[in-house]
Amino acid sequence: LTGKTFVVVGDQDGVVTCFAMKKGEAVAVFKTLPGQKIARLELGGVLNTPQEKIFIAAGSEIRGFTKRGKQFLSFETNLTESIKAMHISGSDLFLSANYIYNHYCDCKDQHYYLSGDKINDVICLPVERIPCITPVLACQDRVLRVLQGSDVMYEIEVPGPPTILALHNGDGGDSGEDLLFGTSDGKLGLIQITTSKPVHKWEIRNDRKRGGILCMDSFDIVGDGVKDFLVGRDDGMVEVYSFDNANEPVIRFDQMLSESITSIQGGCVGKDGYDEIVLSTYSGWVTGLTTEPTYKESGPGEGLKISQEMQNKIASLRDVPIDLLDVDKNSAVVSFSSCDSESNDNFLLATYRCQANTTRLELKIRSIEGQYGTLQAYVTPRIQPKTCQVHQYHIKPLSLHQRTHYIDHDRPMNTLTLTGQFSFAEVHSWVVFCLPEVPEKPPAGECVTFYFQNTFLDTQLESTYRKGEGIFKSDNISTISILKDVLSKEATKRKINLNISYEINEISVKHTLKLIHPKLEFQLLLAKKVQLIDALKELQVHEGNTNFLIPEYRCILEEADHLQEEYKKQPAHLERLYGMITDLFIDKFKFKGTNVKTKVPLLLEILDSYDQNALIAFFDAA
């Protein structure tokens, strides 16, 4: 195996496996005995030399192996939590558990930091290029924290919960300060980490609604002398981005696999002269996407022929029955059963029957704020003896809200104030119960402020609380109403008396209706467009072309398929918008002590013949 590229894999059984490819077969170099689950595997070594030493994190221990499998390091960190992320740079070791960050040099403790929210990844700018050691933490609260020693130098807000960090080009780019990040909601970005402030260079939004980012690497897979950007997602999507003349990322290739991509690297493994993207997947497969052409050119008139080596590979597969699963057309059969919500408190019972070899099933749910509970999934694999795993997903009272770090303080705000004999930990637990993306542990200090944004309406919420007091401000009365009801119920469960006061800003109601207006207007306009499609198609057939139509009508014909697809979803969208307006109407008068539920039918009549001014006038006059 002289001159071969080795592949090293750490698995959940605690086994480290090193292998190389020889004549299309995997040949083992070494394999360790099972142990604790391996959370991270990184390569390291002396700076500015080939990084050939293997380091793994399992539990609270770090172990090191040579490329031949000889163990040379066993370092027990004595951390109270299991290690989740690790970065190696020469003799410096950077570790993070759920909330704890530690920096070691030659296995001696150097610095420590306790994060207010979960740490998903840790990295350090290249110490051989940057004058000072600059670790960066990716935290669940949508923040990158740049450290100096044991202190936060500054924080960087990113557009989603960051899951993975990587040095641009593997070395920090031209400046050594360029850092790539990926988020759990599928966004990517590049930030320059200077000594004084961050510089946002570019960001890729997840407009195609692909999976979250689990892994990244930089490697010149295209072969143009510039390193490309390799991405693996949790829905099985593999992407290759190149950079244009303006250094902006452009997607070059993508490939869908049937399982989540847990690790991605570029290299030359299978055949000399042909680079590959090497991947590991959720259920333990290691596979490669190669640049080796499947076909080779033949003589004149002979077209393309499959190379003899490729024919041999195909022949070796023909006796192996395999199922290729198309993720976009997953044919899991769903069946719904009726529920008696009054007797057993269940509102939904659905069963998904999956094809054989399915390892991933994606479900999307639409929740209504104020209606909360638990979604339980019972997963029964096709194995003997029969087993079942139960997974619980909490649907929170304000489930459509997400954390943000800035809000518009000029908006008309409604205020809910709670006072009473409750501790900081108790009021924090109530906020965790009500809202997503809040850390389970109470933050350090005596007082904390969190900002939230409604992902559907773009309304906002400011939450400030301390021992004995909680103040909640929102430009949406319904948000304040839900918090009032839920927090009162949670305090009653704990036999805590709450003093509740509120200040309602009448202008906020009109403000919220204006935020709803474009969404409602779009849905009503969509219905009118769809009603015109058949008539416009008849005119097109009769006239032979669409040149005689005004641009608006031509556009409707061109987008007919898309419009009809959107229209199929309309009943759910309209029902949701009508529900929000109805709740807003009821909540406005509830704070005045007036029950207006008898006027809801009249409100729905106004909505059916919608006019924004008429709707606002009805709210004012009721």
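Everything discussed here concerns the structure shown above.
All of the points below concern the structure found in this document. Because the structure is predicted, anything quoted here is derived from the model rather than measured.

### As for the pairing of strand S1 (residues 7-10)
Okay, step 1: Strand direction decides the pairing type here: S1 and strand S2 (residues 16-22), joined by 4 bridges, are antiparallel. Across the sheet, residue Val7 finds its bridge partner in S2, namely Phe19.

### A look at the nonpolar core
Okay, step 1: Ile581, Leu615 and Phe619 are the most contacted members of the largest nonpolar core, which has 52 residues in total.
Okay, step 2: Looking at this core element by element, the count peaks at 8 residues for helix H8 (residues 570-590).
Okay, step 3: Beyond its immediate stretch of four places on either side in the chain, Phe619 contacts Val509, Leu513, Ile581, Leu584, Phe585, Lys588, Phe589 and Leu603.
Okay, step 4: Ranked by size, the runner-up nonpolar core spans 16 residues in total, among them Ile130, Leu144, Leu165 and Ile191.

### Some remarks on the pattern of salt bridges
Okay, step 1: Going through the model one piece at a time under the given rule, you end up with 27 salt bridges.
Okay, step 2: Put simply, Lys441 and Glu81 hold a salt bridge, and the shortest N to O gap is 3.6 Å. Taken together, the positions of Lys441 in the loop between helix H3 (424-434) and strand S35 (447-454) and Glu81 in the loop between strand S7 (71-76) and strand S8 (85-89) put the pair 360 residues apart, joining distant regions of the chain.
Okay, step 3: Owing to a relative accessible area of 41%, Lys441 belongs among the partly exposed residues under this scheme.
Okay, step 4: Glu469 is the partner of Arg466 in a salt bridge, and the nearest nitrogen-oxygen pair spans 2.7 Å.
Okay, step 5: Given a relative accessible area of 34%, Arg466 falls into the partly exposed group.
Okay, step 6: With a relative accessible area of 24%, Glu469 lands in the partly exposed category.

### Some remarks on the sheet that holds strand S33 (residues 401-404)
Okay, step 1: Taken in spatial order, the 6 strands of this open sheet run S33-S35-S36-S37-S34-S38, and their pairing is antiparallel. Looking at strand neighbours, the two that pair on one side only are S33 and strand S38 (498-503), the edges of this open sheet. Within this sheet the neighbouring strands show an average axis-to-axis angle of 20 degrees, counted without direction.

### Focus on the packing of helix H5 (residues 507-543) against helix H10 (residues 612-621)
Okay, step 1: Taken N-terminus to C-terminus, the directions of H5 and H10 make an angle of 150 degrees; their axes are 11 Å apart at the nearest point. Taken together, the axis directions place H5 and H10 in an arrangement best described as roughly antiparallel. For the crossing formed where H5 meets H10, the hand is right-handed. Residues Val509, Lys510, Leu513, Lys514 and His517 of H5 form the contact with H10, whose participating residues are Gln612, Leu615, Ile616 and Phe619.
Okay, step 2: For the contact of H5 with H10, the per-class residue count stands at 5 nonpolar, 2 polar and 2 charged.

### Brief notes about the side chain of Thr183
Okay, step 1: In this fold, Thr183 is placed in strand S17 (residues 178-183).
Okay, step 2: Residue Thr183 is classed as buried on the basis of its relative accessible area of 0%.
Okay, step 3: A distance of 2.4 Å separates a polar atom in the side chain of Thr183 from a polar atom in the side chain of Asp185.
Okay, step 4: Beyond its immediate sequence surroundings of up to four residues, Thr183 is in contact with Gly160, Pro161, Pro162, Thr163, Gly212 and Ile213.

### As for the packing of aromatic side chains
Okay, step 1: Enumeration according to the criterion identifies 15 aromatic pairs in this entry.
Okay, step 2: The ring of Phe72 is capped by Lys53, whose NZ or CZ atom sits 5.0 Å from the centre of that ring.
Okay, step 3: Geometry around Phe456 places Arg576 over its ring, the cationic atom sitting 4.4 Å from the centre.

### Details of the packing of H3 against helix H4 (residues 477-493)
Okay, step 1: At their nearest, the axes of H3 and H4 sit 10 Å apart, and the two run at 130 degrees to each other. When the axis of H3 is compared with that of H4, the two are oblique. Crossing angle aside, the handedness with which H3 passes H4 is right-handed. Two secondary-structure elements touch here, H3 through Trp430, Phe433 and Cys434 and H4 through Leu483, Val486, Leu487, Glu490 and Ala491.

### Observations regarding unusual backbone geometry
Okay, step 1: Each neighbour pair has its own omega, and for Gln384 with Pro385 the value is -5 degrees, a cis peptide bond.
Okay, step 2: Within the element layout of this structure, Pro385 appears in the loop between strand S31 (373-379) and strand S32 (389-395).
Okay, step 3: In this model, Asn78 sits at a positive phi of 65 degrees, which is unusual for a non-glycine residue.
Okay, step 4: Inspection of the secondary structure puts Asn78 in the loop between S7 and S8.
Okay, step 5: On the accessibility criterion, Asn78 (62% relative accessible area) is exposed.

### Overview of a nonpolar patch on the surface
Okay, step 1: A surface patch of nonpolar side chains, amounting to about 750 Å² of accessible area, comprises Val334, Phe336, Phe347, Leu348, Tyr352, Leu361 and Leu363.
Okay, step 2: Along the polypeptide, Val334 turns up in strand S29 (residues 333-336).
Okay, step 3: Exposure remark for Val334: the relative accessible area of 35% places this residue in the partly exposed category.

### Observations concerning the sheet that holds S1
Okay, step 1: Taken in spatial order, the 3 strands of this open sheet run S1-S2-S3, and their pairing is antiparallel. Each of the sheet's edge strands pairs with one partner strand only, and the pair in question is S1 and strand S3 (25-31). Neighbour to neighbour, the strand axes of the sheet diverge by 30 degrees on average, direction disregarded.
Okay, step 2: Alignment of S2 against S3, held across 6 bridges, turns out to be antiparallel. Bridge pairing links Met21 to Ala26 in S3.

Parameters at a glance
- Residues numbered from 1 in each chain as written.
- Predicted model: local features only at pLDDT ≥ 70, side-chain atom pairs only at ≥ 80, totals over all residues.
- Heavy atoms only, no water.
- Pairing = 2+ DSSP bridges.
- Helix = DSSP H or I, 4+ residues; strand = E, 2+ residues; numbered from the N terminus.
- Core = buried A, V, L, I, M, F, W, Y, C linked by side-chain atoms within 4.5 Å.
- Buried < 20%, exposed > 50% of the residue type's maximum accessible area, 1.4 Å probe, protein only.
- Contact = heavy atoms within 4.5 Å.
- Salt bridge = Lys/Arg side-chain N within 4 Å of Asp/Glu carboxyl O.
- Axes fitted to C-alpha atoms, helices over the stretch in contact; angles between N-to-C directions.
- Parallel < 35°, antiparallel > 145°, perpendicular 65-115°, else oblique.
- Left-handed = near helix turned anticlockwise from the far one by under 90°.
- Nonpolar A, V, L, I, M, F, W, Y, C, P; charged D, E, K, R; others polar.
- Polar contact = N/O pair within 3.5 Å; in protein donor to acceptor, adjacent residues only side chain to side chain.
- Phe/Tyr/Trp six-rings, centres within 6.5 Å; stacked < 30°, edge-to-face > 60°.
- Lys NZ or Arg CZ within 6 Å of the ring centre and 35° of its normal.
- Patch = residues over 30% accessible without salt bridge, like charges linked within 9 Å, V, L, I, M, F, W, Y side chains within 5 Å.
- Areas by Shrake-Rupley, 256 points an atom, 1.4 Å probe, with all protein chains shown as cover.

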